[in-house]
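# Summary of structural features
So you can see what is in the structure, the chains are spelled out below.
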Amino acid sequence: MRQKDNLYGRADEQTTISATLADAARGEGRALVVRGEAGIGKSALLERAASAAKPMRVLRATGTESESGLAFAALHQLLWPVTGRLDALPEPQRDAVAGALGLAATRSDDRFLVSAGVLSLLIEAAADHGLLVVADDFQWIDRASADALLFAARRLGSERIAMLLAVRGEAPTPGLPELSLKGLDQDSATALLAERAAPAQEVGARLVELTGGNPLALRETVELLTPDQLAGRAALPEPLPVGAGIFGEQVRKLPGDTRRALLVAALENGGDLELVLDIAGAEVHALRPAENAELVTVGSAIRFRHPLVRSAVHAAASAADRREAHLALAARVRDPDRRAWHRAAATVGQDEEVAAELTASAERARERGGYADASAALVRAAELTPDPEARAVRLAAAATSAWLGGRPGQAESCLAEARSLAERPEFAQLRGRFELNSGDAAEALRILRTGESLEMLADACEAASYVGDVEALVELGRRAEAFPESFLRDVVAGIGAMLGGDRDRAAVMLRRALERKGELREAAQFLWACAAASYLGESDSAAELVAMAGRAARVSGMVGQLPVVLEFVATAERIEGRFADSAAIAEEGLELAREAGYTNSVAAHLANLAAVAAIQGREDDCARHAHDALAIAIPTASA
């Protein structure tokens, strides 16, 4: 068997990682992204760090392609060892995290609350001796888990927590420092090769050139070469077998029953030895050739030596074999979400029953706050849906989930595809909301004012307020009066009447709306109540209602809308003279708005920061924030 690999040529990288851990141990929380191509040594560095972290506690998670669409799958893997500390969290956060991990029937759909709860749980886990969080193959971690971990990583502050995230490719990790791994230099690569086969000098130099110094490619390639090739007496293979191709050759040489078992293991992903062998119709000795080739380790579970082994197993199987394995897994797994994805992967063409099952999985993901993952499930469900109208509805639902999951580009793509299949009023409302948050508020008003529902009129009223169109506000208020009396109807109609000059009638409707304050639960409702109080000139009541909106947004279901709510909270704090609080809230809202892609909200928070800086006499900060805000609101202003 192979000796434990040395880390050649990684002294500087190990020093950087050691410093990250040392800072965390002193109470200076640090996060570090280790980025590089497959086989470059990311996993080895993380493993070395985990081994050296004592007495810190170590929590681990590894992303896999097969679970990338399961909301909070990686968090379940990472946090399961510390779920016993959940009771130490504030109740809203405890319930949100418990729901996300499937430990509670009630699930929060608030992405912010789940993320805040994850951070609090990590802090609890770090209480005794500090904590190292190791997340490998971060590019495959489901979006809900990734968002929560990135949220925590940017807020470690004075906590004794270090986070190491290994990432392949261009998966975004905004706001975090990065350690970029390159190929080994010639001397380090030569030392690595000498440990294996000591090729001729010119052969070693050529291997380094052809592999870019990738340690895994070097190790595996040199073991595939003949003695004559190593000695330079025969030409090297063309092309050189690097990357997944290396493991692919080893996989293809395995016996058929071994390959079948590995395929099931690759798709099942949990490493359940008994389940894998049962489905593959094999005995445990069927895995021995893969163990001898050092592709897997077999104990109580099956573990692939490297993610590329899993990829090679998947690639080596025929499409029919993969579908057959997925179908067998769907019949055996207990988790309904995994079953739905396995059935979807096994389906050729369209199938409404499978689409409905995947849609139900998406709804469960939404209930856990996994909106990006719900969107992925709904997109696949739409592909499986035979009826064009139903497909359009699922695509629109995917658009909504993508938007609330902070993926505005995906949201707009899904909505555009939905509208190509059918045109429904709710599609127009979605398009208007997208424009209002990340596009042209005037265009949003044009779209939304054509609606017939009270909700669309209210959204149009919000857009009209953004652009200062008083005439539109009056017209929308007049149209709202045609609806039955309700809180929202009275606010929209009251605002229109007030701006239309009928102050007495407006006051009756606005005050009637405020009398329902005790019935309000959602942040958006509190903001409408704040607007009613403002139009009545009741500034103290308006400030109180804004604060209530902020609290509701943090602990309820306004996923993706917190940045917008914080615009009003930050402004209210500034008006009350609490400038430090206003700036802090605006900074938080600005970061969240940028993460979510809400460009108009970004501009609003920058404008508030400019106003605070102006009041405090910080001229340079004021000019910088104002310039950035205007560059969004009036693009030519940055020219």
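Residues numbered from 1 in each chain as written. Predicted model: local features only at pLDDT ≥ 70, side-chain atom pairs only at ≥ 80, totals over all residues. Heavy atoms only, no water.

### Description of the overall build of the chain
Broken down by element type, the chain carries 33 helices and 7 strands. Whereas a compact globule of 639 residues would reach a radius of gyration of roughly 26 Å, the chain reaches 28 Å, a difference of no more than 12%. Each of the three principal axes of the chain carries a C-alpha extent, and together these read 95 × 60 × 50 Å. When the 639 residues of the chain are sorted by exposure, 52% land in the buried category. For the chain, restricting intrachain contacts to residue pairs at least 6 apart in sequence, the fraction spanning at least 24 positions comes to 65%. (Helix = DSSP H or I, 4+ residues; strand = E, 2+ residues; numbered from the N terminus. Rg over C-alpha atoms; globule rule 2.2 N^0.38 Å. Buried < 20%, exposed > 50% of the residue type's maximum accessible area, 1.4 Å probe, protein only. Contact = heavy atoms within 4.5 Å.)

### Side note on the pairing of strand S4 (residues 161–167)
Summarising burial for S4: 7 of the 7 residues are buried, a large majority. Side-chain alternation along S4 places Ile-161, Met-163, Leu-165 and Val-167 on one buried face and Ala-162, Leu-164 and Ala-166 on a second face that is also buried. Direction of pairing for strand S1 (residues 30–35) relative to S4: parallel, over a ladder of 6 bridges. Bridge assignment links Leu-32 to a residue of S4, and that residue is Leu-164. One ladder, built from 5 bridges, connects strand S3 (residues 131–136) with S4; its direction is parallel. Among the inter-strand pairings, Leu-131 is bridged to a residue of S4, identified as Ile-161. Handedness of the β-α-β unit built from S3, helix H6 (residues 143–153) and S4 comes out right-handed. (Pairing = 2+ DSSP bridges. Right-handed = clockwise from strand over helix to strand, strands pointing away.)

### Section: the nonpolar core
One broad trend across soluble globular proteins is that nonpolar side chains are buried collectively. By size, the foremost hydrophobic cluster in this structure holds 145 residues, and its most contacted members are Leu-75, Leu-79, Leu-122, Phe-138, Met-163 and Trp-528. If you look at the next biggest cluster of nonpolar residues, it comprises 33 residues, including Leu-216, Ile-279, Ala-280 and Val-296. (Core = buried A, V, L, I, M, F, W, Y, C linked by side-chain atoms within 4.5 Å.)

### As for the environment of Thr-450
You can see Thr-450 is positioned in the loop between helix H23 (441–448) and helix H24 (454–467). A relative accessible area of 52% means that Thr-450 is categorised as exposed. Engagement of the side chain of Thr-450 in a polar contact is seen with the backbone oxygen of Ile-447, the distance being 2.6 Å. (Polar contact = N/O pair within 3.5 Å; in protein donor to acceptor, adjacent residues only side chain to side chain.)

### Some thoughts on the side chain of Ser-188
On the secondary structure map, Ser-188 appears in helix H7 (residues 186–196). Ignoring anything within four residues of it in the chain, the contact list for Ser-188 reads Tyr-8 and Gly-9.

### Digging into the pattern of salt bridges
Applying the stated rule across the entire model yields 43 salt bridges. Note that Glu-28 is salt-bridged to Arg-30, the shortest N-O span being 3.2 Å. What makes Glu-28 partly exposed here is its relative accessible area of 33%. Salt-bridge contacts for Glu-357 lead to Arg-343; the nearest nitrogen and oxygen are separated by 2.6 Å. (Salt bridge = Lys/Arg side-chain N within 4 Å of Asp/Glu carboxyl O.)

### With respect to the sheet that holds strand S5 (residues 178–180)
Backbone hydrogen bonds are what pair the strands of a sheet, in a parallel or an antiparallel way. Here 5 strands make up an open sheet; going across it, the order is S2-S3-S4-S1-S5 and the pairing parallel. Of all the strands in the sheet, just strand S2 (57–62) and S5 have a single pairing partner and so form its edges. For this sheet, the mean angle separating the axes of adjacent strands, direction not counted, is 15°. Note: S2 against S3, 6 bridges, orientation parallel. Bridge pairing in S3 places Val-58 opposite Leu-132. (Axes fitted to C-alpha atoms, helices over the stretch in contact; angles between N-to-C directions.)

### Side note on the packing of aromatic side chains
Per the counting criterion, the structure on display carries 2 aromatic pairs. A ring pair is formed by Trp-403 and Phe-434, whose centres lie 4.5 Å apart and whose planes are at 20°; its orientation type is stacked. Of this pair, Trp-403 sits in helix H20 (residues 388–404) while Phe-434 sits in helix H22 (residues 425–438), and the two are 31 residues apart along the sequence. In this structure, Trp-403 and Phe-434 share a single accessibility class: buried. Between Trp-403 and Tyr-598 the ring centres are 5.1 Å apart and the planes differ by 20°, which places this aromatic pair in the stacked class. On the criterion of sequence distance, the pair formed by Trp-403 in helix H20 and Tyr-598 in the loop between helix H31 (579–596) and helix H32 (599–615) is long-range, its members being 195 residues apart. Using a relative accessible area of 0% as the deciding quantity, one classes Tyr-598 as buried. Three or more aromatic residues joined by ring pairs form one cluster here, namely Trp-403, Phe-434 and Tyr-598. (Phe/Tyr/Trp six-rings, centres within 6.5 Å; stacked < 30°, edge-to-face > 60°.)

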